[in-house]
Amino acid sequence: MQRETQLQIEKSSSLGHTHDYDIIVVGAGPSGMSAAICAARAQLKVLVLDKAIPGGEASTAYRVDNYLGFPGGVMGLDLARQMEEHMRTFNIDFVCATVDDVRSMGPLDQKVSTDMGRTFLTKAVILSVGLEPKPLGREFEKRFFGRGVSYYAQGDGRSYQGQHVAVIGGGNCACYAAEYLAEHVDRLYLIHRSGHIKAVKSLHDKVLSNPKIQPIWNSEVEDAFGVDKIEKIKVYNTVTGQSIWLDVKCIFVYVGRMPPKEILNLNLQLDEDGYIITDEYMRTSLPGIYAAGDARSKQIRQIATAVADGMIAAVNAGRDISSTGAR
Ligand SMILES: Cc1cc2nc3c(=O)[nH]c(=O)nc-3n(C[C@H](O)[C@H](O)[C@H](O)COP(=O)(O)OP(=O)(O)OC[C@H]3O[C@@H](n4cnc5c(N)ncnc54)[C@H](O)[C@@H]3O)c2cc1C
């Protein structure tokens, strides 16, 4: 975070203004940045909070080839940087902090707190918190986290240059991770519990024709062993009932993503899988709280739909603020 920005915010908070901001956006992924830009263009005072640098999951995508305006595709990280640069051209405050509490005290009265002990008052909140990686749920996962268990191929992959690793999963994200890792590692086992992968055709073909990638079908990782770090894994074949051992230095887990468990202590209406229910205006069940992007209950979770959600949320938050005469 820029120190100057933080100082400005502290000054405005300490003056005891009724509201520090018109809109606070929680999360600076594609949906959050899109919401922030749209709100700032409407002359609303906006703060974006993110526990990491802006970009969200888009920055973890190896290559994005389905976002309009980039013939030939764009690296996820480059796209995320351009989105951030775009956001920074507007008068938008950004603070790097984890939001640990959002309180709704009325349609135009929300309180947002961070793990750094800061509290901001705002008229509206847009939740753009995205998803978290789904764990395998095995005991070894926590034991070896950061020491041979990773959920982030783009970030950790280069450390395994020339070595043997495994990717667990068989969807688009697992295949993108495998495609990226195969550029760095010597051998990659793609371990999937079913007998085929579920990625889009072009990706599917690329992964299965890559000589460095060896698919291991109908299989689950049962256990992992190593002194300090993972050295080998035990893989169980659910069809034959037999287990094999593989020497790998890291397993990259891509078995799905899920919404954050408790969405910031808000008593929001969620669907059966924990996604935030909104109407088509991105309003949640609580007045003044909007949701956009992957955390929302919807059919397609992609950058394009996240960007669209963010814009719709910001427009409607702005309209709702104006219609109550609060601006
Ligand atoms: C490996 C991979 C590859 C992908 N490839 C593609 C692709 O090729 N094309 C495509 O269209 N889509 C792709 N996607 C999906 C796309 O990245 C997402 O749909 C999109 O990023 C969703 O945007 P979002 O803003 O809803 O959430 P996210 O991008 O997940 O952003 C959420 C942000 O919220 C922040 N946050 C969460 N909780 C808090 C908190 N409590 N306090 C503060 N900050 C918080 C996070 O740090 C994060 O920055 C891919 C996803 C993955 C994982």
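Starting afresh in each chain, residues are numbered from 1 along the sequence in its written order. Given that this is a predicted model, residues contribute local features only at a pLDDT of at least 70 and side-chain atom pairs are listed and counted only at 80 or more, while totals for whole chains, interfaces and linings are drawn from all residues.

Remarks on the domain arrangement of the protein chain
Filter applied, for reference: Where each domain begins and ends follows an automated or database-derived domain assignment.
What the domain assignment reports for the protein chain is domain 1 (3-131 + 259-323) and domain 2 (139-253). Distance between the C-alpha centres of domain 1 and domain 2: 33 Å.

A word on helix α2 (residues 30-41)
So the rule is basically this: Labels follow the DSSP assignment, with helices taken as runs of H or I lasting at least four residues and strands as runs of E lasting at least two, numbered in each case from the N terminus. For a helix, the expected span equals 1.5 Å multiplied by the number of residues minus one. Remark: C-beta atoms are placed from the backbone, and a residue is labelled buried if 20 or more other C-beta atoms sit within 10 Å of its own, exposed if 12 or fewer do, or partly exposed between those counts. A residue pair is marked as a contact if its C-beta atoms, positioned from the backbone, fall within 7 Å.
In a regular helix each residue adds 1.5 Å, so 12 residues correspond to 16 Å; α2 covers 17 Å between its end C-alpha atoms and thus fits that length. Listing the buried residues of α2 in full gives P30, S31, G32, M33, S34, A35, A36, I37, C38, A39 and A40. Its buried side turned inward, α2 meets β1 (21-26), β2 (46-50), α3 (76-88), β5 (92-96), β8 (119-127) and α8 (303-323). Positive backbone phi, at 65°, marks Q43, one or two positions downstream of α2.

Brief notes about the nonpolar core
For clarity, the cut-off: We call a set of buried Ala, Val, Leu, Ile, Met, Phe, Trp, Tyr and Cys residues a nonpolar core when their C-beta atoms link them within 7 Å.
I126 and I251 are the most contacted members of the largest nonpolar core, which totals 94 residues. Structurally, this core is a two-domain feature, drawing no fewer than three residues from each of domain 1 (3-131 + 259-323) and domain 2 (139-253). If we ignore the near neighbours within four places in the chain, the residues touching I126 are I23, V25, A35, Y290, A292, A313, A314 and A317.

Comments concerning the packing of α2 against α8
How we decide: Between N-to-C directions, angles span 0 to 180 degrees; the directions come from axes that are lines fitted to C-alpha atoms, helices contributing only their stretch in contact. Note on convention: the crossing is left-handed when the near helix lies turned anticlockwise from the far helix by less than a right angle, right-handed when the turn is clockwise. Put simply, Ala, Val, Leu, Ile, Met, Phe, Trp, Tyr, Cys and Pro go in the nonpolar bin, Asp, Glu, Lys and Arg in the charged bin, and everything else, Gly too, in the polar bin.
It is the contact of α2 with α8, at a shortest axis distance of 7 Å, that shows an interaxial angle of 35°. Along this stretch, α2 crosses α8, giving a crossing that reads as right-handed. Contacts between α2 and α8 involve P30, S31, G32, S34, A35, C38 and A39 from the former and I303, A306, V307, D309, G310, M311, A313, A314, V315, A317 and G318 from the latter. Within the contact of α2 with α8, the residues separate by chemical class into 12 nonpolar, five polar and one charged.

Focus on the environment of G157
Looking at where G157 falls in the secondary structure, it is placed in the loop between α5 (153-156) and β11 (164-168). According to the C-beta neighbour criterion, G157 is buried, with 22 such atoms within 10 Å. It is 39 Å that separates the C-alpha atoms of G157 and D279, two residues lying 122 residues apart in sequence. With residues near it in sequence (within four places) discarded, G157 still touches Y180, L181 and H184.

Structural notes on the pairing of strand β16 (residues 243-247)
Put simply, the rule is: At least two bridges found by DSSP between two strands are what make those strands a pair.
Burial of β16 is sparse: only zero of the five residues sit out of reach of the surface. The pairing of strand β15 (residues 232-237) with β16 spans five bridges and is antiparallel. Paired with Y236 across the two strands is S243, which belongs to β16. Hairpin connection between β15 and β16: a loop of five residues separates the two successive antiparallel strands, and G241 in this loop has a positive phi of roughly 80°.

Description of the sheet that holds strand β13 (residues 213-216)
Read across the sheet, five strands follow the order β10-β17-β11-β12-β13 without closing on themselves; strand pairing throughout is parallel. Every other strand in the sheet has two partners, leaving β10 (149-150) and β13 as the edge strands with one partner each. Judged from the four bridges that link them, β11 and strand β17 (residues 250-253) form a sheet pairing that is parallel. Bridge assignment links A166 to a residue of β17, and that residue is I251. Of the strands in this sheet, β11, β12 (187-191), β13 and β17 touch helix α6 (residues 172-181), which is tilted by about 165° from β11.

Considerations on the packing of α6 against helix α7 (residues 201-208)
When two helices pack together, their arrangement is captured by the angle between the axes and the distance separating the axes. The following threshold applies: Note on terminology: angles under 35 degrees are roughly parallel, angles over 145 are roughly antiparallel, angles of 65 to 115 are roughly perpendicular, and the others are oblique.
Two elements in contact, α6 and α7, have axes whose closest approach is 10 Å; the angle formed by their N-to-C orientations is 45°. Classified by the angle their axes make, α6 and α7 are oblique. By crossing handedness, the relation of α6 to α7 is classed as left-handed. Contacts from N172, C175, Y176, A178 and E179 in α6 reach L203, H204, K206 and V207 in α7. Tallied by class, residues from the contact of α6 with α7 come to five nonpolar, two polar and two charged.

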